[in-house]
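# Coordinates in review
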Amino acid sequence: MRIVLVGPPGAGKGTQATRLAEKLRIPHISTGDLFRANISRQTELGKLAKSYMDAGNLVPDEVTIAMAKDRMEQPDAEGGFLLDGFPRNVSQAEALDELLQTEGIKLDAVLDLEAPEDEVVKRIAGRRVCRKDSAHVFHVTYSPPKQEGVCDTCGGELYQRDDDSESTVRTRLEVYHTQTEPIIDYYRAQGLVVTISAMGPVDEVTGRALEALKSAE
Ligand code: AMP
């Protein structure tokens, strides 16, 4: 399957994407993770992306689209993929359509994760991510690690992402409403959108997502 995941920051896209990709046996492609990997490797792309990310703004389309395209063209993504955090505005969605058209393939579904604003702010403020593997995500109150600051899964150090500070979160939410939300209408016009609530236990949300995706197959 070829799936796009959308939802506000803090809706749990990363967590759900990891789980869904595993169940559906498709690669999880997160542009945020790709940028963070470039930042830790201190590449030119990482240096450029960091200034935008720290401010809560979108990284320019040109580099983002090129990076996403490059990843989608890797052999493991031939049979399908789950895009997490891409596209994030209408021009990226148009670029993705063009790319898919050239390859003669189509998206199967756009999964829209809905969560109220006060909830996503709480989730982000308490979020702690593993330095070794950003798929290992904890929350100081909702899913605390056994030992504070240490990843249960691999023992890596847990940290708060630079762009998870409260002031940056406000900007990210604003950017989501003005730039990313319009892609939901863009995809609705193509009959691709399935909306589910992102509230409740992680397992329940995954179950809901899988159920919703069945109807899109
Ligand atoms: P995420 O991990 O998806 O929350 O992304 C973290 C940050 O990476 C975002 O706030 C943006 O600054 C940047 N980013 C991730 N994906 C994109 C994208 N598709 N377009 C532009 N910027 C992005």
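Details of the structure are given in the entry above.
Scope of this entry: the structure provided in the associated data block. (Residues numbered from 1 in each chain as written. Predicted model: local features only at pLDDT ≥ 70, side-chain atom pairs only at ≥ 80, totals over all residues. Heavy atoms only, no water.)

## Quick notes on the packing of aromatic side chains
Scanning the model with the defined rule gives one aromatic pair in all. Ring centres of Y186 and Y187 lie 5.2 Å apart, and the angle between their planes is 80°; on these two criteria the pair is classed as edge-to-face. One cation-aromatic arrangement involves R131 over Y159; the distance from NZ or CZ to the ring centre is 4.2 Å. (Phe/Tyr/Trp six-rings, centres within 6.5 Å; stacked < 30°, edge-to-face > 60°. Lys NZ or Arg CZ within 6 Å of the ring centre and 35° of its normal.)

## Comments concerning the sheet that holds strand β6 (residues 137–139)
With antiparallel pairing, the three strands of this open sheet are ordered in space as β6-β5-β7. Whereas interior strands pair on both sides, the edge strands pair on one side only; in this sheet they are β6 and β7 (158–159). Relative to β7, strand β5 (residues 127–130) runs antiparallel, the two being bridged by two bridges. Counted as the bridge partner of C130 is L158 from β7. (Pairing = 2+ DSSP bridges. Helix = DSSP H or I, 4+ residues; strand = E, 2+ residues; numbered from the N terminus.)

## Concerning the sheet that holds strand β4 (residues 109–114)
Across the sheet, which stays open at both edges, the five strands sit in the order β2-β3-β1-β4-β8 with parallel pairing between neighbours. The open sheet has two edge strands, β2 (28–30) and β8 (193–197), and neither has a second partner. Going from strand to strand, the sheet's axes swing by 25° on average, the running direction of each strand aside. Packed onto the sheet, helix α9 (residues 202–214) meets β1 (2–6), β4 and β8 and runs at close to 160° relative to β8. (Axes fitted to C-alpha atoms, helices over the stretch in contact; angles between N-to-C directions. Contact = heavy atoms within 4.5 Å.)

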